[in-house]
Amino acid sequence: MRSLVRRRGRTTRELSARRARHLRAQLGVAADIAITVRRREVVARLRADLRAGGERVLRGRVTVDDVLEYARRHFGLTAVPREQAASVLRSRYALRVGNVDLDTDAYCAAYRPSAA
């Protein structure tokens, strides 16, 4: 005879996995926004320097704090571990070839937030 009681363990695991994927996707979007904003700032500064006659090579900096700020602002995520945000930033940074014009602090083994 089949049991009429539904198993809760499997459903809970599936729901937990779905939430983790959703959180990672949201952090990925926040990292993409942070990278795009920093790139636009670099391009704007470069254009301004070229108009002024300079030939400076500019690099921007995208930080884990930027990703956390955009995640909070766009998705309301307030309790995201820094390690997870750094992991997502590393993957999005590598995917979007950020090393061409941006630096990041996501590769620091012992990440410490800036004293700002």
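Residues numbered from 1 in each chain as written. Predicted model: local features only at pLDDT ≥ 70, side-chain atom pairs only at ≥ 80, totals over all residues. Heavy atoms only, no water.

1. Quick word on the overall build of the chain
For the chain, the helix and strand inventory stands at three helices and two strands. Reading the helices (α) and strands (β) of the chain from amino to carboxyl end gives α-β-α-α-β. Scored against the burial criterion, the 116 residues of the chain give a buried share of 29%. Element-wise, carbon and sulfur atoms account for 53% of the exposed surface of the chain, whose accessible area totals about 8,600 Å². (Helix = DSSP H or I, 4+ residues; strand = E, 2+ residues; numbered from the N terminus. Buried < 20%, exposed > 50% of the residue type's maximum accessible area, 1.4 Å probe, protein only. Areas by Shrake-Rupley, 256 points an atom, 1.4 Å probe, with all protein chains shown as cover.)

2. So, the nonpolar core
Ranked by internal contacts, the top residues of the largest apolar core, which has 22 residues, are Val62, Val64, Val67 and Leu89. Looking at this core, the elements with two or more residues in it are α1 (8-51), α2 (64-75) and α3 (82-95). Among the elements that make up this core, the one with the highest residue count is α1 (six residues). (Core = buried A, V, L, I, M, F, W, Y, C linked by side-chain atoms within 4.5 Å.)

3. A look at the pattern of salt bridges
With the rule as written, the count across this model stands at nine salt bridges. In this structure, Asp32 and Arg92 form a salt bridge, with 2.7 Å as the shortest nitrogen-oxygen distance. With Asp32 in helix α1 and Arg92 in helix α3, the pair connects residues that are 60 residues apart, well separated along the chain. We classify Asp32 as buried; its relative accessible area is 17%. For Arg92, a relative accessible area of 23% gives the class partly exposed. One salt bridge connects Glu41 with Arg38, and the closest N-O pair in it is separated by 2.9 Å. One end of the pair is Glu41 and the other is Arg38, both in helix α1 and three residues apart, which spans about a single turn. One network of salt bridges, in which partners are shared, links Asp32, Arg92 and Arg96. (Salt bridge = Lys/Arg side-chain N within 4 Å of Asp/Glu carboxyl O.)

4. Things to note about the environment of Ala31
Residue placement: Ala31 occurs in helix α1. Residues Ala31 and Ala71 lie 40 residues apart in sequence; the distance between their C-alpha atoms is 8.2 Å. Excluding its chain neighbours within four sequence positions, the residues that come into contact with Ala31 are Val67, Val88, Leu89 and Arg92. (Contact = heavy atoms within 4.5 Å.)

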